[in-house]
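# Residue-level structure breakdown
Residue-level listing of the chains:
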Amino acid sequence: GWATNFPKYDARHWSGNLCSILAVEKGSPIFNLFMSLASDALFWMLPGEDDRVRKHCEALGMQPEQINQLRRKYWRRRARYACPAPRLILRALVDLYLFFKGMRDPLKPSSYVYVPNAEKIFLKECAYVQQGLLSDPPGMNMYRIVGQCKRTKLIKFRSLRTSSALEGSFLHYSRSLHPTAKAAGPRTLHVSAPDRPVTAMCNRHV
């Protein structure tokens, strides 16, 4: 029943939780490599997209060597990707986890790449994948056309995957509460002050 599990878990917040298994500093080579491989495990390029973008680059006058040296960002903006079924994502994630397991940080050989409780965190994040919360709904088109390149006729798409639905909801909740409200419920108080525990706010208003 993973295909009908809603709402979905947006990839940006999930990836942020997944990287908490790392003991290395953000921006280090190991951190960047881990996040790139985690992204590859979650997002799979759709069939035919590689050829479509390569033809676009060739029409712009790029040589094969130049195309192979393009950054990941270039491909992510022009090619379409899919988040496949949980079993495919899980296999790629397990390979990623085992690749870095036991590895020491090259910048700090005395410490490991993973935190001590990395396995517990990893299994927790895999549980979301198993439920299908990171997979695209089967048969749903996750892109819409937004334009076309005049020179190469490359169709431009925009992904429908977003975290705005989660983050934007707090704006409406906060605007619905008057600044001087004293009889608001725990949920409303939590939205108005998300950095404080709900129980502490409730006790303060009793």
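So, a few notes on the structure that sits alongside this text. (Residues numbered from 1 in each chain as written. Predicted model: local features only at pLDDT ≥ 70, side-chain atom pairs only at ≥ 80, totals over all residues. Heavy atoms only, no water.)

Below, the discussion takes up helix α6 (residues 86–100). Across its 15 residues, α6 extends 21 Å between first and last C-alpha, which sits within 8% of the 21 Å expected from 1.5 Å per residue. On its buried face, α6 sits against α1 (11–18), α2 (29–42) and α7 (118–130). With its phi angle positive at about 80 degrees, G102 sits one or two positions after the end of α6. (Helix = DSSP H or I, 4+ residues; strand = E, 2+ residues; numbered from the N terminus. Expected span 1.5 Å × (residues − 1). Contact = heavy atoms within 4.5 Å.)

Attention now moves to the packing of aromatic side chains. Applying the stated criterion to the full structure yields seven aromatic pairs. Where Y97 meets Y114, the ring centres are 5.1 Å apart and the plane angle is 10 degrees; that geometry is what we call stacked. A residue pair is termed long-range when its members are at least 10 positions apart, and Y97 in helix α6 and Y114 in the loop between β4 (108–112) and α7 qualify at 17 residues. Under the relative-accessibility criterion, Y97 is labelled buried at 8%. Ring centres of Y97 and F122 lie 4.5 Å apart, and the angle between their planes is 15 degrees; this geometry places the pair in the stacked category. Linking Y97 in helix α6 with F122 in helix α7, this pair joins segments that are 25 residues apart in sequence. Residues Y97 and F122 agree in their burial class; the two are buried. It is K8 that lies over the ring of F6; its NZ or CZ is 5.1 Å from the centre. Cation over ring: R76 sits above F43, and NZ or CZ is 4.8 Å from the ring centre. (Phe/Tyr/Trp six-rings, centres within 6.5 Å; stacked < 30°, edge-to-face > 60°. Buried < 20%, exposed > 50% of the residue type's maximum accessible area, 1.4 Å probe, protein only. Lys NZ or Arg CZ within 6 Å of the ring centre and 35° of its normal.)

Structurally, S159 is set in strand β6 (residues 155–159). What makes S159 partly exposed here is its relative accessible area of 29%. Remark: the alpha-carbon pair of S159 and Y81, spanning 78 residues in sequence, is separated by 8.9 Å. Setting aside anything within four residues of it in sequence, one finds S159 in contact with M142 and Y143. A polar contact is formed between the side chain of S159 and the backbone nitrogen of R161, at a distance of 3.1 Å. (Polar contact = N/O pair within 3.5 Å; in protein donor to acceptor, adjacent residues only side chain to side chain.)

On to the nonpolar core, then. Soluble globular proteins: nonpolar side chains tend toward being buried together. Ranked by internal contacts, the top residues of the largest apolar core, which has 40 residues, are W14, I21, L22, F34, L93 and Y114. For this core, the elements supplying multiple residues, two or more each, are α1, α2, α3 (49–59), α5 (72–78), α6 and α7. For L93, the residues in contact, after removing those within four places along its chain, are W14, L18, A41, F122 and V129. (Core = buried A, V, L, I, M, F, W, Y, C linked by side-chain atoms within 4.5 Å.)

Let's shift gears to a nonpolar patch on the surface. Taken together, the side chains of L33, L37 and F99 define a hydrophobic patch exposed on the protein surface, amounting to about 260 Å² of accessible area. Here L37 lies in helix α2. (Patch = residues over 30% accessible without salt bridge, like charges linked within 9 Å, V, L, I, M, F, W, Y side chains within 5 Å. Areas by Shrake-Rupley, 256 points an atom, 1.4 Å probe, with all protein chains shown as cover. Salt bridge = Lys/Arg side-chain N within 4 Å of Asp/Glu carboxyl O.)

So, about the side chain of D10. Tracing the backbone through its elements, the reader meets D10 in the segment before α1. Comment: no salt bridge for buried D10; closest opposite-charge side chain is R12, at 5.0 Å. (Lys, Arg positive; Asp, Glu negative; His and termini not counted.)

Let us now look at unusual backbone geometry. Looking along the chain, the bond that leaves F6 and enters P7 is cis, with omega of -5 degrees. For P7, the location among the structural elements is in the segment before α1. A positive phi angle, close to 65 degrees, is found at K153, a residue other than glycine.

Here we take up the packing of α6 against α7. Between two packed helices, both the angle of their axes relative to each other and the distance between the axes serve to describe the pair. Between α6 and α7, whose axes approach to 10 Å, the crossing angle comes to 165 degrees. In terms of axis orientation, α6 runs roughly antiparallel to α7. Remark: the crossing between α6 and α7 carries right-handed chirality. The residues of α7 that touch α6, namely those facing P86, I89, L90, L93, V94 and Y97, are A118, E119, F122, C126, V129 and Q130. Looking at side-chain class alone, the contact of α6 with α7 contains 10 nonpolar, one polar and one charged residues. (Axes fitted to C-alpha atoms, helices over the stretch in contact; angles between N-to-C directions. Parallel < 35°, antiparallel > 145°, perpendicular 65-115°, else oblique. Left-handed = near helix turned anticlockwise from the far one by under 90°. Nonpolar A, V, L, I, M, F, W, Y, C, P; charged D, E, K, R; others polar.)

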